[in-house]
Amino acid sequence: MRSSDTPALYRPPAHPALPGGPMAVTDAWLRNRRLSEHTRDAYRRDVAGWLGWCDTRHLDPLRANFLHVNEYARTLENTLAARTGRPLTPATVARKLSALSSWYDFLVKLQAVHANPVSDADRPRIDRDHSATVGLSPDEVDALLAAAEADTGPTAARNRAAVTLLADLGLRVGELVSLDVADLGAERGHRSVRFTGKGGKSRRRALTPSTAYAVDAYLTQRAAEQGVATHQLTGALLVTASGARLDRHSVFRLIRRLARDAGIPAWARLSPHSLRHAFATTARAEGVPLEDVQDAMGHADPRTTRRYDRDRHNLDRDPAYAIWAARARRRN
């Protein structure tokens, strides 16, 4: 029976088990987890979407069961994404249900519900061997960097620093825009940057010479414009003309503009994540061990890193050749 046919299940939204209401508990749940601000906002929207869906069906979210969650999942699968106008991808639906499951786990710990209704729900199957992100070849990455180098205007130095950090370090866009000047440093002879990665994990990466040069050039220009010494700069690493922290949407627009200038055919479908995929693919093609690429990208599961490696099915890398070559050496 559909929840919309059973209004008797509905209870008033104020619950003794949820002081302040569901969204107040959501804020407490988010404060209890080590998450980036971007992830917090996404999770908050995910829970709010579920609560809104429950409200339209007069369904008490504390009395929802896996059948309700299944119905909600089917609704999501038929929802058009605002940005693309196409139905939400299975990965997006799965992420929303994952956030909802974590929220209900928190409610179980608070003893507001007896069980997590998402646990037994029918979640979308995700193809771990496929990613919808449009990739870039090494030549296209070079062309993008060349376009950034040729860029002019008051924000050109900042743009070069941003694109170089994405290309050379394979950062997530959320990690990039969250960087502060104070995160830059030096360790054991390496220029480095520290930041909080996905899942609230503290991470550090080495800055390549080209990355360090681009960042230094940008900070030198910024300090001169503010009339201070470079070491006196504080706050966000990448800022707008007004001094506000650069946001992820601006980085998306920047990548596409530079890709268009570079003549990259798929420029309109690229994203900062395209550079992250290119980082993984190129690193593996250059012989960097999978575990080192995994650590650099902050992946908990090596299967995720493998999915980023667009060249993993290239027959040039078939281990049969290595076995054959070793046998040939033994015979000689």
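Residues numbered from 1 in each chain as written. Predicted model: local features only at pLDDT ≥ 70, side-chain atom pairs only at ≥ 80, totals over all residues. Heavy atoms only, no water.

S.K.: Please explain the pairing of strand β3 (residues 202-206) as it appears in this structure.
M.R.: Along any regular strand, the residues point their side chains to alternate faces of the sheet. By the alternation rule, side chains of β3 split into R203 and R205, which are all buried, and S202, R204 and A206, of which none is buried. Pairing of strand β2 (residues 190-196) with β3, which is carried by five bridges, proceeds in the antiparallel orientation. What sits directly across from T196, in β3, is S202. (Buried < 20%, exposed > 50% of the residue type's maximum accessible area, 1.4 Å probe, protein only. Helix = DSSP H or I, 4+ residues; strand = E, 2+ residues; numbered from the N terminus. Pairing = 2+ DSSP bridges.)

S.K.: What am I meant to see in the environment of L80 here?
M.R.: Residue placement: L80 occurs in the loop between α3 (66-77) and α4 (90-109). With relative accessibility at 54%, the residue L80 sits in the exposed group. Setting aside residues up to four positions removed in sequence, L80 forms contacts with G85, R86 and P87. (Contact = heavy atoms within 4.5 Å.)

S.K.: Looking at this structure, I do not really get the packing of helix α2 (residues 37-56) against α4. What am I missing?
M.R.: Geometrically, a packed helix pair is captured by the angle between its two axes and the distance between the axes. α4 packs onto α2 with a crossing angle of 85° between their chain directions and a minimal axis gap of 9 Å. By the angle between their directions, the pair α2 and α4 is classed as roughly perpendicular. Only R95, K96, A99, L100, W103 and Y104 of α4 make contact with α2, whose side of the interface consists of A42, Y43, D46, V47, W50 and L51. The residue inventory of the contact of α2 with α4, partitioned by class, reads nine nonpolar, no polar and three charged. (Axes fitted to C-alpha atoms, helices over the stretch in contact; angles between N-to-C directions. Parallel < 35°, antiparallel > 145°, perpendicular 65-115°, else oblique. Nonpolar A, V, L, I, M, F, W, Y, C, P; charged D, E, K, R; others polar.)

S.K.: Help me out: how do you make sense of the pattern of salt bridges in this one?
M.R.: It is possible for side chains bearing opposite charge to pair when their charged atoms get close. Taken as a whole, this structure holds 16 salt bridges when the rule is applied. Ionic pairing is found between D27 and R44, a salt bridge with its closest N-O pair at 3.1 Å. Within this pair, whereas D27 is found in helix α1 (residues 22-31), its partner R44 is found in helix α2, the two being separated by 17 residues in sequence. On the basis of relative accessibility, which here comes to 27%, the residue D27 falls in the partly exposed class. A relative accessible area of 28% means that R44 is categorised as partly exposed. Note that R191 and D216 form a salt bridge whose closest N and O atoms lie 2.9 Å from each other. Note that R191 is positioned in strand β2 and D216 in helix α8 (residues 209-226), a separation of 25 residues in sequence. Relative accessible area serves as the criterion here: at 33%, R191 is assigned to the partly exposed category. On the accessibility criterion, D216 (31% relative accessible area) is partly exposed. Taken together, the shared-partner salt bridges in this structure form one network comprising D151, R257, R260 and D261. (Salt bridge = Lys/Arg side-chain N within 4 Å of Asp/Glu carboxyl O.)

S.K.: What's the story with the pairing of strand β1 (residues 184-187) in this structure? I'm lost.
M.R.: Pairing of β1 with β2, which is carried by four bridges, proceeds in the antiparallel orientation. The partner of L184 across the bridge, within β2, is V193. Hairpin connection of β1 to β2: two residues between the antiparallel strands, including R188 at a positive phi of 50°.

S.K.: What's the story with the side chain of S102 in this structure? I'm lost.
M.R.: For S102, the location among the structural elements is in helix α4. If sequence neighbours within four positions are ignored, S102 has contacts with W29 and R33.

S.K.: Explanation requested: the sheet that holds β3 in the structure shown.
M.R.: Note: strands within a sheet are paired through backbone hydrogen bonds, in either parallel or antiparallel orientation. Strand order across the open sheet formed by three strands is β1-β2-β3, with antiparallel pairing between neighbours. The strands lining the two open edges of the sheet, one partner per strand, are β1 and β3. Ignoring which end each strand starts from, the neighbouring axes of this sheet average 40° apart.

S.K.: I would appreciate a short explanation of α2 in the present structure.
M.R.: One turn of an α-helix holds 3.6 residues; hence residues three or four places apart share an orientation. Taking 1.5 Å of rise per residue, the 20 residues of α2 would be expected to cover 28 Å, and the 29 Å separating its terminal C-alpha atoms lies within 8% of that figure. Residues of α2 that are buried include every one of T39, R40, A42, Y43, D46, V47, W50, L51, W53 and C54, and no others. For α2, the elements touching its buried residues are α1, α3 and α4. In the stretch just after α2, H58 is the one whose phi turns positive, near 50°. (Expected span 1.5 Å × (residues − 1).)

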